[in-house]
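Each chain is listed here by its residues.
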Amino acid sequence: MRIKRVDAWEVLDSRGRPTVAAALMLDDGTAASASVPSGASTGRAEAKERRDGGKRFRGLGCRQAVAHIRGPIAAALLGECFDDQEQLDRHLLELDGTADKSRLGANALLAVSLAFARAAAACSGIELFTYFASLLPEPFPPRLPALTINLFSGGKHAFGQVAIQDVLVVPKLGATVMERLAQVYEVYQQAAALGARRYQVRALTADEGGLAPPFSDSSEMLEAAAEAVGAAGYELGREIGLAVDVAASHFALAGGYYNLDGKSLSSEQLIETISAWTRSYPVISVEDGLAEDDWAHWPVLRRELGDRALTLADDLTCTTPARIRRAIDTGAANALLLKVNQVGTLTEAKESYLSARAAGWPVSVSARSGETEDAWLADLAVGWSAEFIKIGSITQSDRLAKYNRLLQIEHQYTMTGFSPEGVLELIPFRWPSR
Ligand code: PGA
Ligand code: ZN
């Protein structure tokens, strides 16, 4: 595929902050574009976004990242022929030349990497998820992932009103994506009503659309989630499970302690607290239960959770192959949260994915707290046969674009065959066994 034109511009994400969109045109006239998300509760090992600094958008402008695409990246790609994604991505990485992508910016590199993926898929007349599947050495059949949906928010996404970042609900029995979304809609309405009744507040939402009533502590958040599931008429645990993103890096104190809702806890005490939550509630996964540099205690947490809940690594591994390998070797976790922009290109994200798969880890493909309406994430989860997808809540079009894309894939590919590829063998929804 020979590249004929390269373009880029700033767009706004769901927090109203600039991010990067890029477009590529191939020799045959095929054109495609993509935009990239951005996190707020970021891991220290993440690839670096390029931000302008200065007054405009409080320093968060992406004019430099855009200029890098229109300048040096365009100069290196124009007229060149790329056989596949890996060749393009390697070219971008060489051009940047830094380990953390700080020269051209991870936001610039990923926008181009994704625009190329879309253009390549369009050029071959295949869906984006089929293209993503084709990047894997041995493609799994595409799968409709289980939904892990943000109900309550705390931490950095909700002004730190409670320490832990997300309590999520996980429908386990609904046969279709729409059936599972309908269940969560009812739970969400019950949770909003509970917030209004108990805390006399309207349903205020956080960055990912999760509800954020003023809980007095993190346990209360779990208790309220369990109550909302019951009030919605579902059996907690059997029909709807819970999950948590503790995001502990963001309330870690110096000296190996944690500030959990005003209480100072050692790593061991935090592990005990989390363990108690998973015994009291049907929590299927615990994400970032400890801080990203608390390597010594992660294996203890994993052993403590045992088969009760997955020990899911987000900030700990930052979708980087070296950190994932360390987590595998030390028994620190047993499931991967995959965020492509933590590492910077599709090819590197694929390496991370394959490392996790080689160790038998389930994968949760995740959005960021700052998202655009672009829905490539849904295609990635399906194409890479992820067991779980984590998009956020069921409000805000930045989140709904992804749910709606899952609905479209499910409808057209499993039911009607109204698609270039006809009815496909998608792994139907089945609760992931562990
Ligand atoms: P972020 O948070 O996108 O703000 O980093 C999401 C998460 O921690 O899972
Ligand atoms: Zn997280």
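Residues numbered from 1 in each chain as written. Chains lettered and ligands numbered in written order. Predicted model: local features only at pLDDT ≥ 70, side-chain atom pairs only at ≥ 80, totals over all residues. Heavy atoms only, no water.

## What to know about helix H7 (residues 267-280)
An α-helical turn contains 3.6 residues, so any two residues separated by three or four positions project in the same direction. As a reminder of what qualifies: Runs of E in the DSSP output that reach at least two residues are strands. Runs of H or I that reach at least four are helices, and both are numbered from the N terminus. Each helix should span, by expectation, one fewer than its residue count multiplied by 1.5 Å. Accessibility here uses a 1.4 Å probe with only protein chains present; expressed as a share of the type maximum, an area under 20% marks a residue as buried, one over 50% as exposed, and anything in between as partly exposed. Taking the helix axis as origin, the arc is that swept by the directions to the C-beta atoms. Working rule for contacts: check all heavy atoms of both residues, and any pair within 4.5 Å makes them a contact.
If you check H7, its first and last C-alpha atoms are 20 Å apart, about what 14 residues at 1.5 Å a residue would give, namely 20 Å. Among the residues of H7, Ser 267, Leu 270, Ile 271, Ile 274, Ser 275, Trp 277 and Thr 278 are the ones counted as buried. Projected down its long axis, H7 shows its buried positions confined to an angular sector of 155°, all on one face. Every exposed residue of H7 that faces more than 90 degrees away from the buried side is listed here: Glu 272, Arg 279 and Ser 280. Close packing links the buried residues of H7 with helix H6 (218-231), strand S7 (257-260), strand S8 (263-266), strand S9 (283-287) and helix H8 (298-305).

## Comments concerning the side chain of Asp 379
Here Asp 379 lies in helix H12 (residues 376-383). Note on Asp 379: relative accessible area 3%, which makes it buried. In contact with Asp 379, not counting residues within four places along its chain, are Leu 128, Phe 129, Phe 132, Arg 405 and Ile 409.

## Regarding the sheet that holds strand S13 (residues 388-392)
Put simply, the rule is: Note: two strands are recorded as paired if DSSP finds a minimum of 2 bridges between them. Axes, fitted as lines to C-alpha atoms, cover a helix only where it is in contact. Angles between the N-to-C directions of the axes lie from 0 to 180 degrees.
What the eight strands build is a closed barrel, ordered S4-S5-S6-S9-S10-S11-S12-S13; its pairing is mixed. Here the average twist between neighbouring strands, direction ignored, is 25°. In this structure, strand S10 (residues 310-313) lies alongside strand S11 (residues 335-338), joined through two bridges in parallel fashion. Directly across from Leu 312, in S11, lies its bridge partner Ala 335. Across the sheet, H6 lies against strand S4 (146-153), strand S5 (166-171), strand S6 (240-245) and S9, angled at about 160° from S6, the strand it touches most.

## Describing the domain arrangement of the protein chain
Filter applied, for reference: An automatic or database domain assignment is the source of the domain bounds shown. Take the accessible area each of two parts loses on contact, using a 1.4 Å probe, and add the two losses: that sum is the buried area. Here a salt bridge means any side-chain nitrogen of Lys or Arg lying within 4 Å of a carboxyl oxygen belonging to Asp or Glu. Under the rule applied, a polar contact is a pair of N or O atoms within 3.5 Å (in protein, one hydrogen donor and one hydrogen acceptor; residues adjacent in sequence only if both atoms are side-chain atoms). Here the nonpolar group is Ala, Val, Leu, Ile, Met, Phe, Trp, Tyr, Cys and Pro; Asp, Glu, Lys and Arg are the charged ones; every other residue, Gly included, is treated as polar.
For the protein chain, the assigned domains read domain 1 (3-125) and domain 2 (146-426). Opposite the 36 residues of domain 1 that make contact, domain 2 presents 33 residues. Carbon and sulfur atoms supply 49% of the area that domain 1 and domain 2 bury against each other, a total of about 2700 Å² over both sides. Ranking the residues of domain 1 by area buried against domain 2 places Ser 14, Pro 37 and Ser 41 at the top, with a combined share of 21%. Where domain 1 packs against domain 2, one counts eight salt bridges. Arg 44 is the salt-bridge partner of Asp 293, the closest N and O atoms lying 2.9 Å from each other. One can count 26 residue pairs in polar contact (both at pLDDT 80 or more) joining domain 1 with domain 2. Among the elements that make up the side of domain 1 that touches domain 2, the one with the highest residue count is helix H3 (residues 106-124) (seven residues). Residue composition of the side of domain 1 that touches domain 2, by class: 14 nonpolar, twelve polar and ten charged.

## Things to note about the environment of Ala 108
For Ala 108, the position within the fold is in helix H3. Exposure remark for Ala 108: the relative accessible area of 0% places this residue in the buried category. With 38 residues separating them in the primary sequence, Ala 108 and Arg 70 have C-alpha atoms 9.8 Å apart. Dropping the residues within four chain positions of it, Ala 108 is found in contact with Ala 65, Ile 69 and Ile 73.

## Brief notes about the sheet that holds strand S2 (residues 18-26)
Read across the open sheet, the three strands follow the order S1-S2-S3; overall the sheet is antiparallel. Only two strands of the sheet have a single neighbouring strand rather than two, namely strand S1 (3-12) and strand S3 (31-35). Averaged over all pairs of adjacent strands, the angle between their axes in this sheet comes to 20°, without regard to strand direction. In this structure, S1 lies alongside S2, joined through nine bridges in antiparallel fashion. Paired with Val 6 across the strands is Leu 24, a residue of S2. Lying on the sheet, helix H1 (residues 63-77) is in contact with S1 and S2; it crosses S1 at an angle near 175°.

## Focus on the packing of helix H2 (residues 85-96) against H3
Here is the rule: Should an angle fall under 35 degrees it is called roughly parallel, over 145 degrees roughly antiparallel, and 65 to 115 degrees roughly perpendicular, with every other angle called oblique. In this scheme the handedness of a crossing depends on how the near helix is turned from the far one: anticlockwise by less than a right angle means left-handed, clockwise means right-handed.
For the pair H2 and H3, the least separation of the axes is 10 Å and the interaxial angle reads 165°. In this view, H2 runs roughly antiparallel relative to H3, as classed from their interaxial angle. Of the two possible hands of crossing, H2 and H3 adopt the one that is right-handed. In contact with Gln 85, Leu 88, Asp 89, Leu 92, Leu 93 and Asp 96 of H2, H3 contributes Leu 109, Val 112, Ser 113, Phe 116 and Ala 117. Tallied by class, the residues present in the contact of H2 with H3 amount to seven nonpolar, two polar and two charged.

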